[in-house]
Structures are given as structure tokens and as C-alpha cells.
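# An overview of the molecular structure
Residues per chain are reported as follows:
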Amino acid sequence: MDGLQSLGDVTAEIFGLPLEGHSVQESKPLRTEDETQGAPLKPLVFRVDESTPGLVQSVLLERGWDKFDEQRQDVEDWNLYWRSSSFRRAEYVNVKPWQRLNHHPGMTNLTRKDCLAKHLARMRSRYGESLYEFTPLTFIMPTDYTKFVAKYFKEKQDLGTKPSYWICKPAELSRGRGIIIFSDIRDLMFKGTYVVQKYICNPLLVGRYKCDLRIYVCITGFKPLTIYMYQEGLVRFATEKFDLRNLEDYYSHLTNSSINKLGASYQKIKEVVGQGCKWTLSRFFSYLRNWDVDDLLLRQKISHMVILTVLAMAPSVPVAYNCFELFGFDILIDDNLKPWLLEVNYNPALTLDCSTDESVKRSLVHDVIELLYLNGLRSEEKKCGRTSPGNSVVSLARSHQHEFCATPNSSSYASLIEFTTGSKSDPAVQNICPKHTRTSQLREMMSRRDRLLTKEAAKSKPRHKAWHLPRKMVFPYASQSQPHKMKGSVGDLPEVGSTPNDHAGNFVLIFPFNKATFGASRNGLNVKRIIQELQKLMNK
């Protein structure tokens, strides 16, 4: 251990970190030379525009961040740019190692209904109907109009007098706008690009009310592909009882909150559902457990669905660094407890319309920041050979709930160093800033240090166990109402600092889920290999 201790002492001496064996108090941020001389900690800086959700700004201010002021701050002196609209290509090209954008390029392949349908159809033909059976039969209009007409009349002939039901949605619109539900083809009307899908006529009803699930998914990178799912979420209810005899009653058939909050029954106390039109996801799963439903199995199926959906478009995503994406997956459960993917939302709504929104969405934004490690050390990279104002000290974003301190020998610290400097292997990212900066020197030392620590730990003590669930699960996905430690294949991933953390706040890593899938997504995306690993788990 002499060499290891010597390396630790050198690290501490150069960067003002604690010596080996000295404790680091978690409630205090790491100090720098500037701060020990009396310089105050400078907060992280977020940038917004007119489209940025007010909740995001509120949460970041709560955490001690500063809002970017272009009048008094350098144009590059910000850490996070969060907005609803997409970024221009130049903004992706010019992003610095210490900065993060909340959108990744190429996401319309997942969030436009027609693009998603095309990608899923391609995956279905390549890997089999059974693997991608979680989407209803879909036709893209006007391209597939002839195919749809043929299918419609064939089904009508097969069913005889029994009606068939279809739903028509605009490819680009959200919040239930422009949707038509029909049984008679003469009621089908569209102008522009639409998708027509088989309408799911047997939804799981709660007190005779239709509902769907809003599942939050955060992708922190595509190289390697890293997917987190939020344990909490929303369940959105229609405000009139489900009735196939009246297809024009949108309050009965659509679960969009933007529609139902305007309905006459929104404020009424409804059977089982109660007042309003939303539950938390944990309340919904608790309700299912009361009916002896295996909620963990259902969560597992949803995890499979999310991974398979992302895999359909991930290979076509342009290369970009320092980006992340928060999605809202809309999932309907039928009365056979089968989950169906309805759509994927590009900007899941962060408005606070009720107390359920407040409890779920505020924590969600906090945990997105936790997930990105933006409440830890700030990059001290020099920009083009100079240090810009506000970047001279290490800073800590303080949470109103707790403070996070990444210690020098923790996996989160190593991940943070990798986050603040972009991809370790990509020369384009490595050349953005001069090599001889304090962050790059520290990253190099931490990499050597972690390798030594990993080897030493393997000799001296058993491997650290990840959080585990009481019942065997394919993915590390725990219920918020019953927190347990997660045990999963995440523990089989390679050494510390090179792999994503298994959880952050209420976010849980669902991909990669073992060493094989990590390797299959690390240098390019080997979709076939990943599908094989996923099928092994599903067959169990």
C-alpha cells in the first residue's frame, strides 16, 4: 500500500484534497487554495430562455444556483442550459466540457409518432413480432392509407356485426390535440402526417375510469448508451367513465391532463379515483397490490419496453457530448395487465396543476440534477488558455434538502470528473481545452488511483453489494413506498469510474444491466448482442 498512499499524498498536495486516512465530512464541499484564503464559494450557473419551465428555474435557485446574466457574465460562464426548444447544431458543436444541454440531437426519431412507428416496425421485422408486441398495429398516413383500408375491411369482414375501433393522432402534436377515435372509416379525417392505430378497447379501469402511466426516463448519454428510469411517476385518469358507445366523449377516452382538467367532473369525487385526475405511480402500484397483482413484474415489463424502444432509434442518433434527455413515456395497461406503449414525449410537462404534480415533478427535477452530478464539483477547465471569470474556484450546488460531497476515492467523484470533461476516448472532446489543466491532471491521477484501489480492495475485502430487492428482478427497479437495497447485475460491471452509477435520487439504472450489455454499447452499439442478452432475461 506504500505506493498507493504516496499517490494519495501527491494528489492531496497538488489539489488541496484530504490525505489518505483523513475523513471528509459529507456536509462540507471540498476546498481549494482560493477558498482557504477567504474566497467565497461561487455557485453553479444555469442558463434559460423563454421556453424554460418555471419549475426548473425554481428548483435550481433552491439548490443555490445562479441564473446566467449575459450582461455581466462571460458568454461561456454557465454550467447547465435547460430549455424546451431544441438546440441548434452550432450550440452542440461549441458546448464546453463544463457545460450540459438538456436536449440531445436526433430525438424526433423517438418522439415524433410517425418516426417512432417506423423504427419500431423495422425492429419488429428484424427481431421478431413477439419482442415488439407492446405497440398497437400502426399505419402512417397518408403513406399507408391503402394498407389501412385493406386491413380495415378485412377485419370488418372477420368480425361481422361486431365493430372495430381505431384512433387517429397527428404525428407532431401533443396533449391530445387533433385526436379522432372512430369505428366507421367514413369518420376518418386527416390533413398532413397522422398515425392510425388499433384502439385498445380493454384498458385496465380503476373505478370504471380509464388511465395511463407517465413514466419518466432520462438518457444521460448514447456513447455508451445509459438509461435511467424514475421510480415515481404519474397516473393520469379520464374524468368520465369509460364507454365505447360514445367515441366522441374525450373525457371518457383520453387521459391527457390538459383535456381532463377542463372537464365538468374534474373536481368531483369519483369512484375510487377521487378528486382531480392524477395519482402518483406508487399509489397506483399499491392499489394493484391490494388486488394481488405482481407490481414488480409489471415494472419489469415496462423496463423491457423502455430499453427496446430506445434501442430502435439509438443507432441513428448523431454523436454529441455533454447532453442528456428527459422523456415522458406514456404507457397504457390493459385488463390482462399487459403494458402498451402509446407515445414518447420530448418535453414532458413540468407544470404544477395539483398537489400530485407538486410532489412528483419537483422531486423529479431535483433528482435529474442529482443524476447529472451537477450538485458536485464544478469543472475548473481553462478556456483556450485562459481562466474565465467565475471559474477560478471549485463550487458546490447546495440542495435545500441535503448536500452532496464527492470524495476523492468514491465512484461518484470519478464519474463526475468524466462528466465535466466529456468522453475520455474521443479526441475531439479532449482537444477542446488545453491538456494541462487542474481537472485533466486530477482525472489522470484519479484513474491511476482507482485502478490501484480496485486491485487492493479485491484482495482485502468482499465486493461491495449494490442495492437489492426482496424478490428476484431482471432490472434494479424498486418501489418508492418500499425502499430496499438493490441487487442486480450492475455490480458485475467493470471497474469504478468507467461505468454509470446504479442510482441517483429516485432514478435507477436500467441500461446497461450487465457486463455484456455495457461492452455492447461502449464502442458503438451492438444492438443484436444487446437484444440477445435481453431475451435471456425475459426468458427467465
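What you are looking at is a predicted structure, and each value in this text was computed from that prediction instead of being measured. (Residues numbered from 1 in each chain as written. Predicted model: local features only at pLDDT ≥ 70, side-chain atom pairs only at ≥ 80, totals over all residues. Heavy atoms only, no water.)

### Quick notes on the pairing of strand 17 (residues 507-511)
As a reminder of what qualifies: For every residue, the accessible area obtained with a 1.4 Å probe (protein chains only) is divided by the maximum for its type, and the residue is called buried under 20%, exposed over 50%, and partly exposed between those limits. Only DSSP runs of H or I covering at least 4 residues are called helices, and only runs of E covering at least 2 are called strands; the numbering of each starts at the N terminus. Two strands are said to pair when DSSP picks up at least two bridges between them.
Counting buried residues along strand 17, five of its five residues qualify, which places the element largely inside the surrounding structure. In the sheet, strand 11 (residues 225-230) pairs with strand 17 via four bridges, with the strands oriented antiparallel. The partner of Met-229 across the bridge, within strand 17, is Val-508.

### As for the packing of aromatic side chains
Applied cut-off: In this scheme Phe, Tyr and Trp rings, the latter by its six-membered ring, pair at centre separations within 6.5 Å, and the angle between planes marks the pair as stacked below 30 degrees, edge-to-face above 60, and tilted otherwise. Over a ring means this: the NZ of a Lys or the CZ of an Arg is within 6 Å of the ring centre and within 35 degrees of the ring normal.
If you walk through the whole model with that rule in mind, you get 20 aromatic pairs. Relative to Phe-148, the ring of Phe-139 lies with its centre 5.6 Å away and its plane at 65°, an arrangement referred to as edge-to-face. What links up through ring pairs into an aromatic cluster is the set Phe-139, Phe-148, Tyr-152, Phe-153, Trp-166 and Phe-182. In this structure, Lys-198 is placed above the aromatic ring of Trp-166, and the distance from its NZ or CZ to the ring centre is 5.0 Å. One cation-aromatic arrangement involves Lys-338 over Trp-340; the distance from NZ or CZ to the ring centre is 3.9 Å.

### Points about the sheet that holds strand 3 (residues 80-81)
The four strands are arranged 2-1-3-4 in an open sheet whose pairing can be described as parallel. What marks the edges here is a single partner per strand, and that holds for strand 2 (66-67) and strand 4 (100-101). Pairing of strand 3 with strand 4 involves two bridges; the strand directions are parallel. Pairing of Tyr-81 across the sheet is with Leu-101, part of strand 4.

### Things to note about unusual backbone geometry
Omega for the peptide link from Lys-223 to Pro-224 comes to 0°, which places this bond in the cis form. With an omega of 0°, the peptide bond between Phe-511 and Pro-512 qualifies as cis. The backbone of Asp-292 sits at a positive phi, close to 60°, despite the residue not being glycine. The phi torsion at Leu-337 lies on the positive side, around 65°, for a residue other than glycine. Tracing the backbone through its elements, the reader meets Leu-337 in the loop between strand 14 (325-333) and strand 15 (339-345).

### Side note on the pattern of salt bridges
Where charged atoms from two side chains of opposite charge approach closely, those side chains can pair. For clarity, the threshold we go by: Within this document, salt bridges are pairs made up of a side-chain nitrogen of Lys or Arg and a carboxyl oxygen of Asp or Glu, the two lying within 4 Å of each other.
A complete count under the given rule lists 25 salt bridges for this structure. Across the salt bridge formed by Asp-243 and Arg-245, the nearest N and O atoms sit 3.0 Å from each other. Take Arg-245: its relative accessible area is 78%, and that puts it in the exposed class. A salt bridge links Asp-295 to Arg-289; the shortest N-O distance between them is 2.9 Å. You can call Arg-289 partly exposed: its relative accessible area is 22%. Several salt bridges converge on common partners, so that one network encompasses Asp-49, Arg-83, Arg-88 and Glu-91.

### Thoughts on the side chain of Thr-239
To be explicit about the condition: N or O atoms closer than or at 3.5 Å make up a polar contact, with two conditions inside protein: a donor-capable atom paired with an acceptor-capable one, and, for residues adjacent in sequence, both atoms drawn from side chains. Contacts are residue-level and defined by heavy atoms, with any inter-residue pair within 4.5 Å sufficient.
Assignment of secondary structure puts Thr-239 in the loop between strand 12 (234-237) and helix 8 (250-253). Engagement of the side chain of Thr-239 in a polar contact is seen with the side chain of Asn-260, the distance being 2.8 Å. Not counting the four nearest positions on each side in its chain, Thr-239 is found in contact with Tyr-209, Tyr-251, Asn-260, Ser-265, Tyr-266, Lys-270, Gly-276 and Cys-277.

### Notes on the confidence of the model for the chain
As a general rule, the predicted coordinates of low-pLDDT regions are not to be interpreted in detail. Inclusion rule: Here pLDDT means the predictor's own confidence in every residue, given as a number from 0 to 100.
For the chain, per-residue confidence averages 76 on the pLDDT scale, and residues scoring 70 or more make up 69% of the total. Mean pLDDT across the elements of the chain bottoms out in helix 13 (residues 411-420) (34) and peaks in strand 12 (98). Considering only residues more than four positions removed or in separate chains, one finds that residues 374-447, a stretch of pLDDT under 50, has 187 contacts. This stretch, residues 460-498, has a pLDDT under 50; its non-local contacts, to residues over four places away or in other chains, come to 92 contacts.

### Overview of the packing of helix 11 (residues 295-313) against helix 17 (residues 527-539)
What counts here: The angle between two axes is taken between their N-to-C directions and runs from 0 to 180 degrees, where each axis is a line fitted to C-alpha atoms and a helix contributes only its stretch in contact. Convention used here: angles under 35 degrees read as roughly parallel, angles over 145 as roughly antiparallel, angles from 65 to 115 as roughly perpendicular, and any remaining angle as oblique. A crossing counts as left-handed when the near helix is turned anticlockwise from the far one by less than a right angle, and as right-handed when that turn is clockwise. For this classification, Asp, Glu, Lys and Arg are treated as charged, while Ala, Val, Leu, Ile, Met, Phe, Trp, Tyr, Cys and Pro are nonpolar and the rest, including Gly, are polar.
For the pair helix 11 and helix 17, interaxial distance at closest approach is 11 Å and the crossing angle is 165°. Looking at the two axes, helix 11 sits roughly antiparallel to helix 17. Along this stretch, helix 11 crosses helix 17, giving a crossing that reads as left-handed. Touching His-304, Ile-307, Leu-308 and Leu-311 of helix 11 are Val-527, Ile-530, Ile-531, Leu-534 and Met-538, all from helix 17. Its residues placed into classes, the contact of helix 11 with helix 17 shows eight nonpolar, one polar and no charged.

### Observations concerning helix 16 (residues 515-522)
Given 3.6 residues per turn, any residue in an α-helix points the same way as the ones three and four places further on. Under the convention used in this document: In this description, one arc is meant: the one made by directions from the helix axis to the C-beta atoms.
Within helix 16 the residues assigned to the buried category are Thr-517, Phe-518, Ala-520 and Ser-521. Around the axis of helix 16, the buried residues are gathered within 165° of arc, so they sit on the same side. Elements in contact with the buried residues of helix 16: strand 11, strand 17 and helix 17. The N-cap residue of helix 16 is Asn-514: its side-chain oxygen and the backbone nitrogen of Ala-516 are 3.2 Å apart. Positioned one or two residues after helix 16, Gly-524 has a phi angle of 85°, which is positive.

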